[in-house]
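# Observations on the model geometry
Each chain, written out:
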Amino acid sequence: MSADTFISDLVNSGETDVKMPKFTVIVCKKRISARFFMADKGGYLSNPTPGTTISASVTRMYEDESWSNFYLVSQSVRQGTVGPTHYVVIENESTSEGKTIPVQMLQKITYKLTHLYFNWPGTIRVPAPVQYAHKLAFLAGQHLHRDLRYDHQLADLLFFL
């Protein structure tokens, strides 16, 4: 059921205080070939530190900020080059004050969400809701069309995480 249908059903049922929900949609692309480096004080190139956002020169910003993109380095690596994650904000609806959510706020939110994954003490490459959705889709593809009998030892454990 779409939000429009749901809201119209509420209005038709006699609800008086009905507001349309506001959405911000961000596409997260983790399989990219872009790599970024930063120069340290000695002029040597190194990996960017976790939390680094790249939103100028290689990305495109629009004046109304309703569509934008940025790269985020959310983790550090011990060997090789760190792979940033590319975020594309495809919908940034107005908040209650009539303004859009600033891109800098969206960058902070996405970085903070990389800290919330249950199975890892540090940061992960993508925000936790994206990682959970990926795991759920993988498990659904593996187990939904199989025999319904399952291992009873796993029934009381959080094996789906």
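Residues numbered from 1 in each chain as written. Predicted model: local features only at pLDDT ≥ 70, side-chain atom pairs only at ≥ 80, totals over all residues. Heavy atoms only, no water.

### Quick look at the overall build of the chain
Counted only if it meets this: Helical segments are the DSSP runs of H or I of at least four residues, strand segments are the runs of E of at least two, and each set is numbered from the N terminus. Exposure was quantified through the Shrake-Rupley algorithm and a 1.4 Å probe, taking into account, for residues, occlusion by the shown protein chains and nothing else.
When its secondary structure is counted, the chain shows three helices and six strands. For the chain, the succession of helices and strands along the chain, N to C, is α-β-β-β-β-β-β-α-α. Looking at the chain as shown, the accessible area adds up to about 11900 Å², and 57% of this sits on carbon and sulfur atoms.

### Some remarks on the pairing of strand E6 (residues 85–92)
Rules: Relative accessibility decides the category of a residue: with a 1.4 Å probe and only protein chains considered, values under 20% of the type maximum give buried, values over 50% give exposed, and everything between is partly exposed. In this analysis, strands are considered paired if DSSP registers two or more bridges between them.
A large share of E6 lies buried, amounting to six of its eight residues. As paired elements, strand E1 (residues 24–29) and E6 share six bridges and run antiparallel to each other. Following the sheet pairing, Lys29 is matched in E6 by His86. Note: strand E5 (residues 68–73) against E6, five bridges, orientation antiparallel. Following the sheet pairing, Leu72 is matched in E6 by Thr85.

### What to know about the confidence of the model for the chain
Just so we agree on the cut-off: Within a predicted model, pLDDT stands for the predictor's per-residue confidence, ranging from 0 to 100.
Overall, the predicted model of the chain reaches an average pLDDT of 81, with 80% of residues at or above 70. Summarising per-element confidence for the chain, the mean pLDDT is lowest in helix H1 (residues 3–12) (74) and highest in helix H2 (residues 103–113) (93).

### Some words on the packing of aromatic side chains
Stated formally: Only centres within 6.5 Å qualify two rings of Phe, Tyr or Trp (six-membered ring in Trp) as a pair; their planes then separate them into stacked at under 30 degrees, edge-to-face at over 60, and tilted for everything else.
Per the counting criterion, the structure on display carries three aromatic pairs. With centroids separated by 5.2 Å and ring planes inclined at 45°, the aromatic side chains of Tyr117 and Tyr132 adopt a geometry described as tilted. Here Tyr132 lies in helix H3 (residues 128–143) and Tyr117 lies in the loop between H2 and H3, a separation of 15 residues in the sequence. A relative accessible area of 9% means that Tyr117 is categorised as buried.

### Describing the side chain of Asn69
Just so we agree on the cut-off: Whenever a nitrogen or oxygen atom comes within 3.5 Å of another N or O atom, the pair is scored as a polar contact, on the condition that within protein one atom can donate a hydrogen and the other can accept it, and that pairs from neighbouring residues in sequence are kept only if both atoms are in side chains.
The residue Asn69 is located in strand E5 in this model. Accessibility expressed as a relative area gives 9% for Asn69, which makes it buried. A polar side-chain atom of Asn69 sits 3.3 Å from a polar atom in the side chain of His86.

### Here we look at the sheet that holds E1
Defined as follows: Each axis is a line fitted through C-alpha atoms, and for a helix only the stretch in contact is used; angles between axes span 0 to 180 degrees, taken between their N-to-C directions. Whether two residues touch is decided by their heavy atoms; if any such pair falls within 4.5 Å, the residues are in contact.
Across the sheet, which stays open at both edges, the four strands sit in the order E1-E6-E5-E4 with antiparallel pairing between neighbours. Pairing within the sheet leaves two strands with one partner each, and these edge strands are E1 and strand E4 (52–54). Neighbour to neighbour, the strand axes of the sheet diverge by 30° on average, direction disregarded. H2 contacts E1, E4, E5 and E6 of the sheet and is inclined by roughly 35° relative to E5.

### Structural notes on the side chain of Asn92
Along the chain, Asn92 falls in strand E6. Looking at Asn92, the relative accessible area reads 5%, which means it is buried. One polar contact links Asn92 to Thr24, side chain to side chain, over a distance of 3.5 Å. Of note is the side chain of Asn92, whose polar atom sits 2.8 Å from the backbone oxygen of Ile101.

### Here we look at the environment of Ile101
Mapped onto the elements of the fold, Ile101 is located in the loop between E6 and H2. Residue Ile101 is classed as partly exposed on the basis of its relative accessible area of 23%. A C-alpha to C-alpha distance of 8.3 Å links Ile101 and Thr24, two positions 77 residues apart in sequence.

### As for a nonpolar patch on the surface
Rule in force here: In this analysis, a patch consists of residues with relative accessible area above 30% that form no salt bridge, clustered at 9 Å for like charges and at 5 Å for the nonpolar side chains Val, Leu, Ile, Met, Phe, Trp and Tyr. What counts as a salt bridge is simple: a side-chain nitrogen of Lys or Arg found within 4 Å of a carboxyl oxygen of Asp or Glu.
Residues Phe23, Val25, Val27, Trp67 and Ile90 make up a contiguous nonpolar surface patch of about 390 Å² in total accessible area. Structurally, Trp67 can be placed in the loop between E4 and E5. Under the relative-accessibility criterion, Trp67 is labelled partly exposed at 31%.

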